[in-house]
Amino acid sequence: MKLTLKIWRQKSANDKGKIVDYKLNDVSPDMSFLEMLDVLNQELIDKNEEPIAFDHDCREGICGMCSMYINGRAHGPDRSITVCQLHMRSFSDGDTIYIEPWRASAFPVIKDLIVDRSAFDRIQQAGGFISVNTSGNTQDANGTLISKHAADEAMDAATCIGCGACVATCKNSSAMLFVGAKVSQYALLPQGQIEAADRVQNMVAQMDLEGFGNCTNTGACEVECPKGISLDNIARMNRELMKAAVK
Amino acid sequence: MGTLNSKVPEGLLKDKWTTYKDKINLVNPANKRNIDIIIVGTGLAGGSAAATLAELGYNVKSFCFQDSPRRAHSIAAQGGINAAKNYQGDGDSTYRLFYDTVKGGDYRSRESNVHRLAEVSTNIIDQCVAQGVPFARDYGGLLDNRSFGGVLVSRTFYAKGQTGQQLLLGAYSAMNRQIGRGKIKMYSRHEMLDVVIVDGKARGIIARNLVTGEIERHSAHAVVLGTGGYGNTFYLSTYAMGSNVTAIWKAHKRGAFFANPCYTQIHPTCIPVSGDHQSKLTLMSESLRNDGRIWVPKNMDDVLAIREGKLKPIDISEENRDYYLERRYPAFGNLVPRDVASRAAKERCDAGYGVNKTGEAVYLDFAAAIARYGKEQAHVKGLDEDNKALVTALGKDIIKAKYGNLFQMYEKIVDQNPYETPMMIFPAVHYTMGGIWVDYNLMTTVPGLYAIGEANFSDHGANRLGASALMQGLADGYFVLPYTIGDYLADDIRTGPIATDTKEFDDAESLVKSNLDKLINNNGTHSVDYFHKKLGKIMWNKCGMSRNEKDLKDAISEIAELRAEFYKDVRVPGNANEYNEELAKAGRVADFLELGELFAKDALQREESAGGHFRDEYQTPEGEAMRRKEFQYVSAWEYKGQPKDAVLHKEELVYENIEVKERSYK
Ligand SMILES: Cc1cc2nc3c(=O)[nH]c(=O)nc-3n(C[C@H](O)[C@H](O)[C@H](O)COP(=O)(O)OP(=O)(O)OC[C@H]3O[C@@H](n4cnc5c(N)ncnc54)[C@H](O)[C@@H]3O)c2cc1C
Ligand code: SF4
Ligand code: FES
C-alpha cells in the first residue's frame, strides 16, 4: 500500500520542532508499524538524510520502550497493544498517518519521537518496593498462603509496562493509573502491608513533585493502556491514601 | 596469562559452596563504604547484583542502554524459572536439578558451578516472593508449578506468561530502594564502550551518554558485566533490538577469554519469518509444549495442498499426521530439549514437509488439549461430557487462562486464531550458552573483571534447559557474586578512590573516540542494517542449526570480507555529539562482525556434536548428536589482534558426580 506520513521532527530538547511529510510507496500489510518506520529510515539514510529517532527495544509489547501518538491516539488505533505490536493491516492504502511523541510536561522531548520518562523511575524510587534485603534466609516461599484471587489480581496490576501512554493520553497528564497499578500490586499482597502507608504517601508526593496532573475521572488512560490496567487501581490507591491519612 | 585456573574449591561437591563461604575473606561494613563497583547491565543478573551489593554497603554505579533499568531484555522472558523446591512432591531435589542441567547441557558444563546453582535455586523463590513477585498460585494459596522440556518433574515457577517481567520488576524495585538511598547511582541511556585496565586490574569503563553523545570516564575497584547474550549476531533472533556483544567483546579485547562462542540455542517454537522487512522474531514460550502437539502431514500431497491453500490443517485426519517428536522420542515426546526439537523440525522441513509458503514451518496444535481440558471441566461441573461444543468452549477457557497472552500475541502477528487452527512455528536463535570465561568466583581472566548472567559461559554447557536462564541470572546476582567479589575486594580496602585522569583512561578514551570518528566520517554507501542483514544470512546458513567443515571455512572468509567492506562502505548519518541510534548500531555491528568470525572458528575447531552445536560429520546412524570424549573441554579463546589469530586454551571438564552417558530422550 501507499502511505503519506506526517511525522514530528525535533532535533533536540531545545529545538522547536515541526511536522514533516514523507511518502512510502510499498508497504506490506504484514509489516509491523515499527518495521514500516524502519523502511522509511532506510530510505532516508540512502538519501543521506537523518533517520527518525524513536524508542523501541523488545518489539513484542513488554519492555515499554516504544511510545508514540498515531493519528492522535497513544499506541495507535488498536486496543490493548503497544505500537510495536501494531501491524500495517490496521491501515488502508492511501491513508495519511500522523505520528507524534508523547505530549506531557513531565515527559520532555529528547529528539523526534523520543521523550524522557525518568519521572516514572523517580516515583518508583520514592516507594515502589518492599524493604527486604537479599539474605538467603527469608522465610520459605510457601510460608504465607496467598489466595489465588489476590495473587491474580496483584499480577494484573503488576503487568504495567511503564510506557506512559496513560499520561500521554490524559488531558491532565495524570500518572494515577501508573502509580495506582504499583500501589495496588503491593496493597493486594500480605508482604506489602507493613509499609503500605508510607509507600502510597511517598509515591504520590513524588508524582505531584514531577508535575503530573490530577485525575478527573475521564477514563481515557484505561482505554489506551496497552496492558488493560483497570481504573479500579486508581480507586484502590485513593483508598490506600485515605487509610494512610487516618493512621 | 597462561593456563586457566577455574579455582574450584576442594571437597565433596555438595559441600564445596558452604565450605567456600566459610573460608573467604570478608570486607567489614565500614570499609565497604570506601569501595566502588561498576555494574554494566540491569537485567536479572546485573539488577539483582546491583541491589544486593548496594544493600551490603558498597557504592554501586549501574549502567544500561535503555531509558530505564526496568527495560532490560530479561523483561521479555515468558515461561518461568526453575527451582528445586519439590513442592509438588514429584521426586525433585538439588541433585536432580544439577543432574538435569548437566545432562541437558550435553556434559559440557562445569560440575561445581551447576551444583551451586541448584543449591541456591530455592533461595531465589523465597527472595522473590518476599519482594512481592506475584507468582501463580493454586486454589489452596500455595505456589503453582509447570514443566519444561528435558526434565521429568514440575519445578518451574511462573507468573502467567510474563515471568521475566515480574522477576525483573522485583530486582528493579530492589534497585529503586537503593537508588533512593543513594547507594546506587543509575546511568540509563549509557553504553559501555571499553574496559579500563590499570596495573593488570579492571578499574573502570568508558561509556557514551546516548542522549548527548558525550564520552565519559567511570572508575571503580571492580567491574561487573551483566550485559546479556549475543544472539543478535544472527540479525534475526528473539532478542531485543539493542542486545549486543559490545561490552563483552571489548572485555575480550582487553584480555578476557571468550568461551565456547559457537554454543547457541535455537529455540523450536518461534513465529516463522514473514518477509524481508522482518526485524525480529517472536518466541512462543516453551510452556506451550506442555499442551501443544507438534506435527506435519505424513503425505507430500497434503503438504502441497496446504501450501496452495486448498486444504486446511484441521482437514487432515489423525492417521495422516506425523507427530514426529512423539514418534522419535516416546519417553519425552513434545517435551524433548530445545536443541533436539529444533533439529527435528529442520529435518522435516529439509525433507520438504514444511507447511507454510517458504516451507519453513511446522504445526503446534492445541486441539487435543482443548478437548482433554474441556472433558475434565465438564466432569467437574457435572455437565454433559459428550456435548462437543460445550467441551470445546470449556477447554478453550482453560487454554486461555494458561496461555491467553501468548495466543493473543500470535494472533496479532500472524492474523490467525490459534484456538481454531494450529499455530505455525519454526526454530529461531534465542540464547547464547557461550560467553566470557569465568572461574568459580565468576571472575574473568582479567583480575577484578566479572561476568554474570547470560554474558558468561558457565552453567549451561552446550544447551540450556528452559527456565534456567532466569534462575542463573538471579543466582549469580543475588547469591553468588556478593560473596565472591568480597573475597577479591578485601585486598582493596586501603586503595582509595581510583583516579580517572591517568594514562590508562586517556588511552582508552581516545581509542573509543577514534573508533566513533572512523564510523561517523566514513561516508560510505550502505546503511548499518545492510551489513548486519548480510552477516545474519551467513551466520544462519553456515553456522546455524547444523554446521560442516566447508560451510564454516566459507563463513570465516566471508565474514572477514564483509567486515572489510563494512569499514570501507558503511554510512552513518548525523553527528557523534548527539542522540544518534545509527552510530550506536554501527558500533555494535562492528563488534558482531569480529565475534562472528571467532564463532565460526570455534565451531570449526569443535569436531563433535554437542547440544546446540551440531556438526553434520558427527552424528549417529539415527541422526542424533555424536559427542566425542576428546572434546570434553571448554574452549576459551584469547584475543591476539584479529579474530583469526585467537589462541585456544582448554579447560578440561571432569565429571566425578555424574556418569557421562549418551544423552537419550527416547
Ligand atoms: C523471548 C525470550 C523469552 C525467554 N524466556 C525465558 C524463560 O521463560 N525462562 C528463562 O529462564 N529464560 C528465558 N529467556 C532467557 C533469559 O531471558 C535471558 O537469558 C536472561 O534474561 C538474560 O539476563 P541477563 O541479566 O544476563 O541479561 P539481559 O536481561 O539481556 O540484560 C542486559 C543488560 O545489559 C545492558 N547492556 C548490554 N550491553 C550494554 C552496553 N554495551 N552498555 C551498557 N549496558 C549494556 C542492557 O541495557 C541490559 O540492562 C528468554 C529469552 C527470550 C529472548
Ligand atoms: S498503566 Fe498502562 S498505559 Fe500507563 S504506563 Fe502502565 S502499561 Fe503504560
Ligand atoms: S518495543 Fe518493547 S514494548 Fe514496544
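Residues numbered from 1 in each chain as written. Chains lettered and ligands numbered in written order. Predicted model: local features only at pLDDT ≥ 70, side-chain atom pairs only at ≥ 80, totals over all residues. Heavy atoms only, no water.

### Overview of the interface of chain B and chain A
Piece 1. Listed by partner, the interface residues are 75 residues for chain B and 73 residues for chain A.
Piece 2. Carbon and sulfur atoms make up 50% of the surface buried where chain B meets chain A, a total of about 6,200 Å² over both sides.
Piece 3. For the interface between chain B and chain A, the tally reads eight salt bridges.
Piece 4. Here Lys412 of chain B ties to Asp78 of chain A by a salt bridge, and the two come within 3.6 Å at their closest N and O atoms.
Piece 5. Where chain B meets chain A, there are 39 residue pairs in polar contact (both at pLDDT 80 or more).
Piece 6. Those elements that place two or more of their residues in the side of chain B that touches chain A are helix H3 (44-56), helix H5 (111-131), helix H6 (163-180), helix H12 (388-414), helix H13 (469-489) and helix H17 (581-605) of chain B.
Piece 7. Looking at the side of chain B that touches chain A, the element that brings in the most residues is H6 of chain B, giving nine residues.
Piece 8. For the side of chain B that touches chain A, the class distribution of residues is 29 nonpolar, 27 polar and 19 charged. (Contact = heavy atoms within 4.5 Å. Buried area = accessible area lost by both parts, 1.4 Å probe. Salt bridge = Lys/Arg side-chain N within 4 Å of Asp/Glu carboxyl O. Polar contact = N/O pair within 3.5 Å; in protein donor to acceptor, adjacent residues only side chain to side chain. Helix = DSSP H or I, 4+ residues; strand = E, 2+ residues; numbered from the N terminus. Nonpolar A, V, L, I, M, F, W, Y, C, P; charged D, E, K, R; others polar.)

### Topic: the confidence of the model for chain B
Do not read the fine detail of predicted coordinates wherever pLDDT is low.
Piece 1. Looking at chain B as a whole, its pLDDT mean stands at 96, while 100% of the residues score no less than 70.
Piece 2. In the predicted assembly, ipTM is 0.98 and pTM is 0.97. (pLDDT = per-residue confidence, 0-100.)

### Considerations on the site of ligand 2
Residue and element names in this part refer to chain A.
Piece 1. Near ligand 2 lie 13 residues; those nearest to it are Cys160, Cys163, Gly164, Cys166 and Cys225.
Piece 2. Put simply, the parts of the chain that give the shell around ligand 2 at least two residues each are helix H4 (165-169) and helix H5 (176-187).
Piece 3. Within the shell around ligand 2, the residues separate by chemical class into 11 nonpolar, two polar and no charged. (Near = heavy atom within 4 Å.)

### Some remarks on the pairing of strand E7 (residues 201-209) of chain B
Residue and element names in this part refer to chain B.
Piece 1. Most of E7 sits inside the fold, with eight of its nine residues counted as buried.
Piece 2. Judged from the eight bridges that link them, strand E6 (residues 190-198) and E7 form a sheet pairing that is antiparallel. Across the sheet, the residue bridging to Val198 is Lys201, located in E7.
Piece 3. Between E6 and E7, which pair antiparallel and follow one another directly, the connecting turn spans two residues, one of which, Asp199, has a positive phi of 50°.
Piece 4. Pairing of E7 with strand E8 (residues 215-219), which is carried by five bridges, proceeds in the antiparallel orientation. The partner of Ala207 across the bridge, within E8, is Glu216.
Piece 5. Where E7 folds back on E8, the antiparallel hairpin that results is connected by five residues, among which Gly213 adopts a positive phi of roughly 80°. (Buried < 20%, exposed > 50% of the residue type's maximum accessible area, 1.4 Å probe, protein only. Pairing = 2+ DSSP bridges.)

### Concerning the side chain of Gln124 of chain A
Piece 1. Relative to the helices and strands, Gln124 of chain A is located in helix H2 (residues 118-127).
Piece 2. For Gln124 of chain A, a relative accessible area of 2% gives the class buried.
Piece 3. Not counting residues within four places of it along the chain, the set of residues in contact with Gln124 of chain A comprises Phe129, Phe178, Lys182 and Met203 of chain A together with Arg70, Tyr172 and Asn176 of chain B.

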